[in-house]
Amino acid sequence: MTVGAPAHGGHCVARLDDGRVVFVRHTLPGETVRVRITEQRSKYWRADAVEVLEPSPDRVPSVWPEAGPGGVGGGELAHVALPAQRRWKATVLADTLRRIGGEQVAQDVAAVTGGAGVEVEALPGDDEAGGLGTRTRVDLTVDGEGRAGMHRFRSHEVLALREMPLAHPALLELGLLGEGSPWRRVWRPGARVEAVAPSVGEPMVLVDGEAVALRRRSGPPRRAVRERVESSVGELTYRVSAAGFWQVHREAPRTLVEAVLAAAGPLAGTRVLELYSGAGLLTLPLARAGGAVVTLEGAEGAVRDARRNLHEHPQVELHAGRVDAVAVRQLGGGADVVVLDPPRVGAGAEVMSAVADLGPETIVHVACDPAALARDLRAAREKGYVVRAVHAYDLFPHTHHFEVVAALGREG
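Residues numbered from 1 in each chain as written. Predicted model: local features only at pLDDT ≥ 70, side-chain atom pairs only at ≥ 80, totals over all residues. Heavy atoms only, no water.

Engineer: How should I be thinking about the overall build of the chain in this particular structure?
Structural biologist: Each helix and strand in the chain was counted, giving nine helices and 21 strands. Principal-axis analysis of the C-alpha atoms places the extent of the chain at approximately 65 × 60 × 40 Å. In the chain, which comprises 412 residues, the proportion classed as buried is 52%. Within the chain, counting contacts between residues at least 6 apart in sequence, those at least 24 apart form 62% of the total. (Helix = DSSP H or I, 4+ residues; strand = E, 2+ residues; numbered from the N terminus. Buried < 20%, exposed > 50% of the residue type's maximum accessible area, 1.4 Å probe, protein only. Contact = heavy atoms within 4.5 Å.)

In structure tokens, the structure reads:
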């Protein structure tokens, strides 16, 4: 089977003689491969490439074989050279914006990129390190024998891991993996293990949400970690629940802070509405840059963290609640800039419509899913807002995931 172009989700598209679509993982565009069918549906099949007959020049030895065919999820591009991974993601973004966002959205993006498309940019240090050691947070599950591992792709089966090269070196030094792991005495089969390597202080391990240590420590157990981000508006410091959300790539917080500040433009004297604001990663620099910021976040734990992180900024109003059209209209009156960083499903047409109805000068959209971004940009365009600038960042090397920051302004 010869496979074609990449598609959203980490696979390439191939077709059988009868026209049936097959989504093939662990291959590259143009390769001829033998496949193993893993799922059959009425409209399409899924498959893994198990033998490469004619390899792509962009194929390299996998940096994480345990994430290969039949293995765990989370490293589906580990066999692809880093520059080719970024071209892959750029191709997926362009295709998704046109197919889901529509021709007008695609033309808007082409206009601001000079027709060259959006380049997916590497983060500092990734090329030198081969895209390895970037993840400061990893999630594991303990198998029936008490070994830490991950789920087989699209399965509930846990596969014990021997290595995890994408993890930050501080996490690898904990010795969580393997038959001889000393941590096996502090967890049980089926437990969920989260390991965190903050930018400040020692790593932390949580088992089923509770911090654990190999040696008993005096005092109350740690429940939070500290993060430090160097930025154009000074050093930013945060206290974040260890089990809460934080960007996993070691360089992601700084990259996104700078991208959002650049997209938002001068903020002195402006009113900013920030949606899906989390623990305040973006709120703090927006406030430091001179904005009077009103935030809305649905996770109450994240809002508690944000209150600690923003306590020195009285011009910031923090609100806990569901992000919907009603809340946007209630909180966003007079907003000059709206910043939103929605979850993977995106903000949705109703929220984007409500944001546009506020009439801000600029909308900054941070997206972790190209399909959701395309839907949101289409909804914004229907309300008169078009893309003015767009940048994409390879926050997740060796996976199909990436992040996009888009600045929107009124049409005309």
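Still more to cover.
Engineer: Before we go on, may I ask you to explain the pattern of salt bridges in this structure?
Structural biologist: Pairing between side chains of opposite charge can happen when the charged atoms of each approach one another. If you walk through the whole model with that rule in mind, you get 35 salt bridges. The closest approach of N and O atoms between K89 and D394, which form a salt bridge, is 2.5 Å. Of this pair, K89 sits in helix α1 (residues 82-101) while D394 is found in the loop between β20 (385-393) and β21 (403-410), placing the two residues 305 residues apart along the sequence. Classification of D394 as buried rests on a relative accessible area of 0%. The shortest N-O distance in the salt bridge between D324 and R322 comes to 3.2 Å. Here the residues in one salt-bridge network are E39, R41, R46 and R154, joined through shared partners. (Salt bridge = Lys/Arg side-chain N within 4 Å of Asp/Glu carboxyl O.)

Engineer: How should the sheet that holds strand β9 (residues 158-160) be read in this particular structure?
Structural biologist: Sheets are built from strands paired through backbone hydrogen bonds, the pairs being either parallel or antiparallel. Read from one edge to the other, the open sheet built from six strands follows the order β9-β8-β7-β10-β11-β12, with strand pairing classed as antiparallel. Every other strand in the sheet has two partners, leaving β9 and β12 (210-212) as the edge strands with one partner each. Neighbouring strand axes in the sheet, compared pairwise and without regard to direction, differ in orientation by 45° on average. (Pairing = 2+ DSSP bridges. Axes fitted to C-alpha atoms, helices over the stretch in contact; angles between N-to-C directions.)

Engineer: Can you walk me through the nonpolar core in this structure?
Structural biologist: Soluble globular proteins tend to bury their nonpolar side chains together. In this structure, L273 and L275 are the most contacted members of the largest nonpolar core, which totals 42 residues. Discounting residues that sit within four places of it in the chain, L273 has contacts with V294, V328, L331, G332, A335, V337, V338, V339 and L358. Judged by nonpolar contacts, the second largest core, of 35 residues, contains L236, W246, V257 and L318. (Core = buried A, V, L, I, M, F, W, Y, C linked by side-chain atoms within 4.5 Å.)

Engineer: How do you make sense of the sheet that holds strand β4 (residues 32-40) when you look at a structure like this?
Structural biologist: Sheet architecture is open: five strands sit in the order β1-β2-β3-β5-β4, paired in mixed fashion. Each edge of the sheet is formed by a strand with only one pairing partner; in this case those strands are β1 (6-7) and β4. Pairing of strand β3 (residues 21-25) with strand β5 (residues 44-54), which is carried by five bridges, proceeds in the parallel orientation. Among the inter-strand pairings, V24 is bridged to a residue of β5, identified as A47.

Engineer: When you look at the packing of α1 against helix α2 (residues 103-112) in this model, what are you seeing that I'm missing?
Structural biologist: A pair of packed helices can be characterised by two numbers: the angle between their axes and the separation between those axes. Taken N-terminus to C-terminus, the directions of α1 and α2 make an angle of 145°; their axes are 6 Å apart at the nearest point. Mapping the contact onto sequence places L97, R98 and G101 in α1 and E103, V105, A106 and V109 in α2. In terms of residue class, the contact of α1 with α2 is made up of four nonpolar, one polar and two charged. (Nonpolar A, V, L, I, M, F, W, Y, C, P; charged D, E, K, R; others polar.)

Engineer: Explain α1 to me, please; I cannot follow it from the model alone.
Structural biologist: Each full turn of the α-helix corresponds to 3.6 residues, which orients residues three or four apart in the same direction. Look at α1: 27 Å from first C-alpha to last across 20 residues, which is about the 28 Å you get at 1.5 Å a residue. Those residues of α1 that fall on the buried side of the exposure criterion are L82, A84, Q85, R86, W88, K89, A90, V92, L93, T96, L97 and G101. Phi turns positive one or two residues past the end of α1, at G102, with a value near 105°. (Expected span 1.5 Å × (residues − 1).)

Engineer: So what exactly am I meant to see when it comes to the packing of aromatic side chains here?
Structural biologist: The geometry of two aromatic rings is summed up by the distance between their centres and the angle between their planes. A full pass over the atoms with the stated rule returns two aromatic pairs. Between F23 and Y44 the ring centres are 5.4 Å apart and the planes differ by 70°, which places this aromatic pair in the edge-to-face class. Here F23 is found in strand β3, whereas its partner Y44 is found in strand β5, with 21 residues between them in sequence. (Phe/Tyr/Trp six-rings, centres within 6.5 Å; stacked < 30°, edge-to-face > 60°.)

Engineer: Any chance you could explain unusual backbone geometry here in plain terms?
Structural biologist: Excluding glycine, residues mostly have negative phi values, and the peptide bonds linking residues are mostly trans. Of note in this structure, Y276 is not a glycine but carries a positive phi near 60°. At H398, a residue that is not glycine, the phi angle is positive and equals roughly 75°. With relative accessibility at 2%, the residue H398 sits in the buried group.

Engineer: What's the story with the packing of α2 against helix α9 (residues 370-382) in this structure? I'm lost.
Structural biologist: Running from amino to carboxyl end, α2 crosses α9 at an angle of 95°, the nearest separation of the two axes being 9 Å. The pairing of α2 with α9 is recorded here as roughly perpendicular in orientation. Two secondary-structure elements touch here, α2 through Q104, V105 and D108 and α9 through L377, R378 and R381. Considered class by class, the residues forming the contact of α2 with α9 number two nonpolar, one polar and three charged. (Parallel < 35°, antiparallel > 145°, perpendicular 65-115°, else oblique.)

Engineer: I keep staring at the side chain of T295 and nothing clicks. Help me out?
Structural biologist: By the element assignment, T295 lies in strand β16 (residues 292-297). T295 sits in the buried class, given a relative accessible area of 2%. With near-sequence residues (within four places) excluded, T295 lies in contact with E274, S277, T283, V316, E317, L318, H319 and L331.

Engineer: Just to check I follow, could you spell out the pairing of strand β8 (residues 148-151) for this structure?
Structural biologist: On a regular strand, each side chain points to the face opposite its neighbour's, so the side chains alternate between the two faces of the sheet. With two bridges joining them, strand β7 (residues 137-142) and β8 adopt antiparallel strand pairing. Along β8, the bridge assignment pairs V142 with A148. The hairpin turn running from β7 into β8, its antiparallel successor, is five residues long, and G146 in that turn takes a positive phi close to 85°. Taken together, the three bridges between β8 and β9 define a ladder with antiparallel strand orientation. Within the sheet, the bridge partner assigned to G149 lies in β9 and is A160.

Without other data, these values stay purely geometric and don't point to any function.
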